[in-house]
Amino acid sequence: MKPQLPRTDHLWWSAGSLLAVCYALTPIAWIVSLSLKHPGDLGDNRFWPQRITFEHYRAIFADAQFPAALMNSLGIALISTLLAVTIAMFAAYAVVRINFSGRRLFLALALAIAMFPPVSIIGPLFNMWRLVGLYDTWPGLILPYITLTLPLAIWTLAAFFREIPWDLDKAARVDGATAFQAFTKVIIPLVAPGVFSAAILVFIFAWNDFLFALSLTSTNDARTVPAAIAFFTGSSRFEQPTGSIAAAAVVVTIPLVIVVLIFQRRIVAGLTAGAVKG
Amino acid sequence: MRRYQTPAKRKTGYRLLPAALFLLLATAAGCSEEQSSPTPTLKWYIFDEPSGAFADAAADCSENSGGRYRIDLVPLPTDADQQREQLVRRLAARDSDIDIVGMDVIWTAEFAEAGWILPWPEKMAAEATSGRLDSAIASASYDDRLQAAPFTTNTQLLWYRTDRIDSVPTTWEELLKTAESLGDQGTVQVQGARYEGLTVFFNSLLSSAGGDILKNHEMVLDEDATREALAILQSIARSPAAPASLATSREDQSRLAFEAGDSTFMINYTFVWPSARENAPEIAENMGWARWPAVSEDRPSRVTIGGINLGVAAYSDHSDLAFAAASCLSSEANQRLAAHKGGLPPTITALYHDEEVQKTFPFADVLLETLKDGSQRPQTPLYNDVSMAISHTLHPLRAIEPQEDIDTLRREIERALHSEGLL
Amino acid sequence: MKLSSLSQQKLGWLLCTPALVAMIAVTAYPIVYACYLSLFRYDLRFPDKRAFTGIDNYLSVLSSTVWWEALLNTVIITAVSVSMELLLGMGFALIMHRAIIGRRLVRSAVLVPYGIITVVAALIWKFAFLPDTGFVGNLTGIDIAWFSQRWSAFIIIILTEIWKTTPFMALLLLAGLTLVPENLLRAARVDGAGPWQRFTLITLPIMKQTIAVALLFRTLDAFRIFDTVFVQTRGAQNTESVSIVGYHALISRLNLGLGSAVSILIFLCVLFIAAAYIKGFDIAGALTGKEKP
């Protein structure tokens, strides 16, 4: 049930919405514009392209590298998200609901691990992965991604779980639901916003990462899109392939938008009227 | 119990999909494993040149090897620094996967000293250097031995608008005067960002003034020559003809700005020629070239050379084959290919008199003259440190004070040579 | 849950073990190795000249103006961007929560900047502001070379960061907003409380922990800023961040000893910041239920 707001409130929120959308999409429009500009027009000081060309899109798909990178990015990001969120949920639940000594130590450790500068982790990790044969493989990237996103996921979920009225499931049981029903129909909708927020953050991290992807892969087997972009070339040694980079960025944003569209409903859907009483 | 509705089923569906996808792809990857072939495969690590000239060269040499080896090109990132990062990481880890390395000229000393590449045996060295430009051979040598086969080279020329000036300036002083007299249209495009290109610029000016940065691993920085070089940098930066974004300008920005039309002069590599023909034909029609401006009337300019040399990795399992392969890759036929398809100037002197090459490079004669007098960047394993010291000290160009900066340069380069502290 | 305290202990650690394993397997060796290396003089190009030098590397870094200037730069960038992101993020969270018309569009659009690859975002912002080729100069008539001066370069770097990561804050804050019960707000409205009062007296206190976590993680990330600065200025004009200093030492100059020392120092700084947040907001206490009264 949507809250009943007076007309003026509607107007304010709509104006705010417009502002928010402009804020977000203007630079995106700039990327799209760059991806459609003729290479000769790149330096023309204008926002919109004077003449449109799809050659950059054709170029990136002509090379077998890019579609392979897309597949790698998709698979690696999805699996990392799935695993990271699941593991984080268990840990967050334990930290918030179970009284075991060393919880705070665990939280502190999780944080400390996320704080180390990635640039000095890369070298030793490269050596490690070559030793155990994880170099240039999907798990070779999935593992570091999970490692680096777990702290955020755990802390976010813990902060969220803390505020959930867990006793609601008891109330549901009193009302006649079975344990399973209570869990799926009461608890899950309550935790959904936090879980999906954490999931989006993990996904975007894995989708976006450049440093690890470049150093821990060497062929199309596992190279993701950000790393593949480093291999784009302009028509010569010194030319910056701005058009191709922009085109790749646009293409890579599309799955992201889809994931966000799917998830965004879940984030706010948890709060249905009556589920949470003050 | 409407309140508790939740589409639990749909969620499970989402979760299964990536797992299924993963399984599918993992199987597919496994199925495409190639059978190991009896002919040894040599992996050539080099940036993938956009026209495919390198890939063609690799295929060519593989065919002509008579079944002795096959060359596989493994692409490296486009940016030179990223290439070095990836190569160093693997070479330092003694990766036996690398056989032939496509090296930027400034890595020769570093890789050789660290023992990551093998010096060439006498006989093969003779083959790889016969008929090559002296400056290219020098760039591939360290410790009096040849460390890599010269493949392609590169250097800068002066590009100008023929429709705006009558006579081409031969010194920097003349150039600035001419440019300033043209007002708004007279911008001079040079590279002044804080990066390797700035070190190249300084090195060229210093060599043109008769000085050196290093000699025999010891810092020189002749007083007079350095002062002259710094004075020129200062006058460029403070001139009204300097580009507005001098402090962030690299080769590509210079090119774009020149193609936009407001500039009359540009110092840049040869790639700007085909680029202008394609992207700004009206400008290309009125584009001329000349030798890099000299520092003084009596001394011709000496410009820093760049390029690619082919080295053999120290941990390769087939080093003898790799030497042969590298020799083939840098042979005349493949240099011709690289020149024609990729626009990369060859290192074989005779090719500059070749008809086809002259068609690709109408400026071939000026280029050859410049290359013959080419100047080297300091050849020390600590080159990266030295380059950082120079570019950090000299940037931004408008803040240069010649007398002070000579002392600062000396101090910083000395620290760099001892790898002391943060730069 | 009625479990004996021993089985509680076991269950708790059991649930945490996968996380622990995942985190330690990947980072334990690199972190320990970095600590170890920082005590040596070790240049990758001269592998034979490795020598134990104790805390020399640390002394060298701490006595270098390069480090302290980079630290100042990093603090400036972090402070400005995080505070703006909090304000903007809160605004966006509220909009995403309350929007009726086109709510799907708003909620998805606002999150997209965060999903753009950082290097690409930095590139396109840089391209837009370059004097010769970008459109900003043309459009606004402000014709300065943004990246040629320290403060204007800072502005662009900070703007890029803000644009890109405000969605992160907005997302976390939105999740926090959903915890605020509607009935409470409605009751308060009926009682005559204005929107500002409702926000500060009801919404904010309930969101306190979420805000704290969002701020904490965003600050930790902002402090380690690298991609944006690298792409836009590469540290020129005195805009170097501490991570760039580390990169130069570790990767450009292959001075592993010095680079590791820089990394450890960055780690300590970040640790300090985290400790300050955790103490200040008493997050750990709140999360584990042992809140201070």
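Look up: the structure comes first, before these words.
Residues numbered from 1 in each chain as written. Chains lettered and ligands numbered in written order. Predicted model: local features only at pLDDT ≥ 70, side-chain atom pairs only at ≥ 80, totals over all residues. Heavy atoms only, no water.

### Some remarks on the overall build of chain C
Here comes step 1: Across its full length, chain C carries 13 helices and two strands.
Here comes step 2: Projected onto its principal axes, the C-alpha coordinates of chain C cover approximately 75 × 70 × 30 Å.
Here comes step 3: Within the span of chain C, comprising 293 residues, buried residues form 63% of the whole.
Here comes step 4: Within chain C, contacts between residues separated by at least 24 positions form 70% of all contacts whose residues are at least 6 apart in sequence.
Here comes step 5: In the form shown here, chain C has an accessible surface area of approximately 11400 Å², with 69% of it arising from carbon and sulfur atoms.
Here comes step 6: When the 24 basic and 15 acidic side-chain charges of chain C are each reduced to a single mean position, those positions are 10 Å apart. (Helix = DSSP H or I, 4+ residues; strand = E, 2+ residues; numbered from the N terminus. Buried < 20%, exposed > 50% of the residue type's maximum accessible area, 1.4 Å probe, protein only. Contact = heavy atoms within 4.5 Å. Areas by Shrake-Rupley, 256 points an atom, 1.4 Å probe, with all protein chains shown as cover. Lys, Arg positive; Asp, Glu negative; His and termini not counted. Charge placed at Lys NZ, Arg CZ, Asp CG, Glu CD.)

### Some words on empty space enclosed by the protein
Over the atoms, a rolling probe the size of a water molecule traces out where space has been left empty.
Here comes step 1: If you walk through the whole model with that rule in mind, you get 11 cavities of 30 Å³ or more.
Here comes step 2: In this structure, the second largest cavity spans a volume of roughly 960 Å³.
Here comes step 3: Residue lining of the second largest cavity: 37 residues in total, with P118 and F205 of chain A together with D221, R224 and D227 of chain C positioned closest to the centre.
Here comes step 4: Of the residues assigned to the lining of the second largest cavity, the class counts are 24 nonpolar, six polar and seven charged. (1 Å grid on protein atoms, 1.4 Å probe; cavity = no way out; pocket = protein on both sides within 12 Å on 5 of 7 lines; lining within 4 Å. Points joined across faces, edges and corners; volume = space filled by probe spheres on them. Nonpolar A, V, L, I, M, F, W, Y, C, P; charged D, E, K, R; others polar.)

### Details of the pairing of strand 1 (residues 41-47) of chain B
Two faces belong to every sheet, and in a regular strand the side chains alternate between them.
Residue and element names in this part refer to chain B.
Here comes step 1: For strand 1, the tally of buried residues reaches five of seven residues, placing the bulk of the element in the interior.
Here comes step 2: Alignment of strand 1 against strand 2 (residues 70-76), held across seven bridges, turns out to be parallel. Residue pairing in the sheet places F47 in a bridge with L76 of strand 2.
Here comes step 3: Crossover connection from strand 1 via helix 2 (residues 53-63) to parallel strand 2: handedness right-handed.
Here comes step 4: Here two bridges tie strand 1 to strand 3 (residues 100-104), and the two strands are oriented parallel to one another. Note that in strand 3 the partner of Y45 across the bridge is V101. (Pairing = 2+ DSSP bridges. Right-handed = clockwise from strand over helix to strand, strands pointing away.)

### So, the interface of chain A and chain B
Many analyses report the size of an interface as the accessible area lost when the parts associate.
Here comes step 1: The interface of chain A with chain B comprises 39 residues on the first partner and 37 residues on the second.
Here comes step 2: Connecting chain A to chain B are one salt bridge.
Here comes step 3: Two residues, D95 of chain B and R130 of chain A, come together in a salt bridge whose shortest N-O distance is 3.1 Å.
Here comes step 4: Our count for the contact surface shared by chain A and chain B stands at seven residue pairs in polar contact (both at pLDDT 80 or more).
Here comes step 5: Mapped by element, the contributors of at least two residues to the side of chain A that touches chain B are helix 3 (65-97), helix 5 (118-132), helix 8 (179-208), helix 9 (211-215) and helix 11 (242-269) of chain A. (Salt bridge = Lys/Arg side-chain N within 4 Å of Asp/Glu carboxyl O. Polar contact = N/O pair within 3.5 Å; in protein donor to acceptor, adjacent residues only side chain to side chain.)

### Overview of the sheet that holds strand 11 (residues 263-268) of chain B
Residues and elements named next belong to chain B.
Here comes step 1: On the basis of which strands lie adjacent, the open sheet formed by four strands has the order 8-11-7-12 and mixed pairing. Two strands bound the open sheet, and with one partner strand each, they are strand 8 (187-189) and strand 12 (287-290). Each strand axis lies, on average, 20° off the axis of its neighbour in the sheet, ignoring direction.
Here comes step 2: The pairing of strand 8 with strand 11 spans three bridges and is parallel. The residue of strand 11 that forms the bridge with T187 is S263.
Here comes step 3: Contacting strand 7 (157-161), strand 8 and strand 11, helix 7 (residues 172-181) crosses the sheet at an angle of about 150° to strand 11.
Here comes step 4: Along the sheet face, helix 10 (residues 251-260) touches strand 7, strand 8, strand 11 and strand 12 and points at about 155° away from the line of strand 11. (Axes fitted to C-alpha atoms, helices over the stretch in contact; angles between N-to-C directions.)

### Focus on the environment of T239 of chain C
Residue and element names in this part refer to chain C.
Here comes step 1: Tracing the backbone shows T239 in the loop between helix 10 (227-232) and helix 11 (242-252).
Here comes step 2: The class of T239 is buried, set by a relative accessible area of 0%.
Here comes step 3: Residues T239 and V229, spaced 10 residues apart in sequence, show a C-alpha to C-alpha distance of 7.4 Å.
Here comes step 4: With near-sequence residues (within four places) excluded, T239 lies in contact with N73, R150, A153, F154, I157, V229 and T233.
Here comes step 5: Within the structure, T239 has its side chain in polar contact with the side chain of T233 (distance 2.8 Å).

### Looking at the interface of chain C and chain A
Here comes step 1: On the chain A side, the residues contacting the 105 residues of chain C number 102 residues.
Here comes step 2: On the chain C side of the contact with chain A, M23, I117 and L287 of chain C bury the most area, a combined 7% of that side's loss.
Here comes step 3: Linking chain C with chain A are zero salt bridges, by the criterion used here.
Here comes step 4: For the interface between chain C and chain A, the tally reads 13 residue pairs in polar contact (both at pLDDT 80 or more).
Here comes step 5: The dominant element in the side of chain C that touches chain A, judged by the number of residues it contributes, is helix 1 (residues 5-37) of chain C, at 21 residues. (Buried area = accessible area lost by both parts, 1.4 Å probe.)

### Quick notes on the state of the cysteines
Here comes step 1: Overall, the coordinates contain one disulfide over all chains when judged by the stated rule.
Here comes step 2: The disulfide that involves C61 of chain B links it to C328 of chain B, with 1.9 Å between the sulfurs. What sets the handedness of the C61 of chain B and C328 of chain B disulfide is the S-S torsion sign, and at about -95° it is left-handed. In this pair, C61 of chain B is assigned in helix 2 and C328 of chain B in helix 13 (residues 319-329), connecting sequence segments 267 residues apart.
Here comes step 3: No disulfide involves C35 of chain C; its nearest neighbouring cysteine sulfur is the one of C269 of chain C, lying 15 Å away.
Here comes step 4: Judged by relative accessible area, which is 36%, C35 of chain C ranks as partly exposed. (Disulfide = S-S within 2.5 Å.)

### Here we look at helix 5 (residues 122-129) of chain B
Residue pairs spaced three or four apart in an α-helix point in one direction, given the helix's 3.6 residues per turn.
Residue and element names in this part refer to chain B.
Here comes step 1: M124, A125, A128 and T129 are the residues of helix 5 that are buried. For helix 5, the angular spread of buried residues about the axis comes to 125°, placing them on one side. Exposed residues on helix 5 whose side chains face more than 90 degrees from its buried face are E122 and K123.
Here comes step 2: As for helix 5, its buried residues are in contact with helix 6 (134-139), strand 5 (145-146), strand 6 (149-154) and helix 13.
Here comes step 3: Where helix 5 terminates, the next one or two residues include G131, which has phi positive at roughly 75°. (Arc of directions from axis to C-beta.)

### Some remarks on the packing of aromatic side chains
Here comes step 1: Under the criterion given, the structure shown has 44 aromatic pairs over all chains.
Here comes step 2: Centroid distance F201 of chain B to W292 of chain B: 6.0 Å. Interplanar angle 90°. Geometry classified as edge-to-face. Within this pair, whereas F201 of chain B is found in helix 8 (residues 196-208), its partner W292 of chain B is found in the loop between strand 12 and strand 13 (306-312), the two being separated by 91 residues in sequence.
Here comes step 3: For F201 of chain B, a relative accessible area of 4% corresponds to the buried category.
Here comes step 4: Take W292 of chain B: its relative accessible area is 1%, and that puts it in the buried class.
Here comes step 5: Taking 6.4 Å as the distance between ring centres and 90° as the angle between the ring planes, the aromatic pair formed by W273 of chain B and F363 of chain B counts as edge-to-face. Taken together, the residues span a long stretch of sequence, with W273 of chain B in helix 11 (residues 272-279) and F363 of chain B in the loop between helix 15 (355-360) and helix 16 (364-372) at a distance of 90 residues.
Here comes step 6: Aromatic rings pair up to connect W159, W273, W289, F361 and F363 of chain B into one cluster.
Here comes step 7: Taking NZ or CZ as reference, R150 of chain C lies 5.1 Å from the ring centre of W151 of chain C, over its face. (Phe/Tyr/Trp six-rings, centres within 6.5 Å; stacked < 30°, edge-to-face > 60°. Lys NZ or Arg CZ within 6 Å of the ring centre and 35° of its normal.)

### Notes on the sheet that holds strand 3 of chain B
Residue and element names in this part refer to chain B.
Here comes step 1: Read from one edge to the other, the open sheet built from five strands follows the order 2-1-3-13-6, with strand pairing classed as mixed. Only two strands of the sheet have a single partner each, and these edge strands are strand 2 and strand 6. On average, each strand axis in the sheet is inclined to that of its neighbour by 20°, with strand direction left out of account.

### Focus: the nonpolar core
Here comes step 1: F106, L111, L150, W155 and F212 of chain A together with W67 of chain C are the most contacted members of the largest nonpolar core, which totals 198 residues.
Here comes step 2: A per-element tally of this core places helix 8 of chain A first, with 17 residues.
Here comes step 3: Counting 46 residues, the second largest nonpolar core, distinct from the first, contains W172, L205, L230 and A237 of chain B. (Core = buried A, V, L, I, M, F, W, Y, C linked by side-chain atoms within 4.5 Å.)

### Topic: unusual backbone geometry
Residue and element names in this part refer to chain B.
Here comes step 1: Looking along the chain, the bond that leaves H395 and enters P396 is cis, with omega of -10°.
Here comes step 2: Structurally, the position occupied by P396 is in the loop between helix 17 (383-394) and helix 18 (402-417).
Here comes step 3: In this structure, D143 is a non-glycine residue whose phi angle is positive, near 60°.
Here comes step 4: Classification of D143 by relative accessible area gives exposed; the value is 58%.

### Digging into the packing of helix 3 (residues 65-98) of chain C against helix 7 (residues 150-177) of chain C
All names here are of chain C.
Here comes step 1: In contact at an axis separation of 6 Å, helix 3 and helix 7 are set at 40° when each is read in the N-to-C sense. The angle between helix 3 and helix 7 falls in the class oblique. Here helix 3 and helix 7 pass one another in a crossing that is right-handed.
Here comes step 2: Looking at the contact of helix 3 with helix 7 residue by residue, the classes come out as 24 nonpolar, six polar and three charged. (Parallel < 35°, antiparallel > 145°, perpendicular 65-115°, else oblique. Left-handed = near helix turned anticlockwise from the far one by under 90°.)

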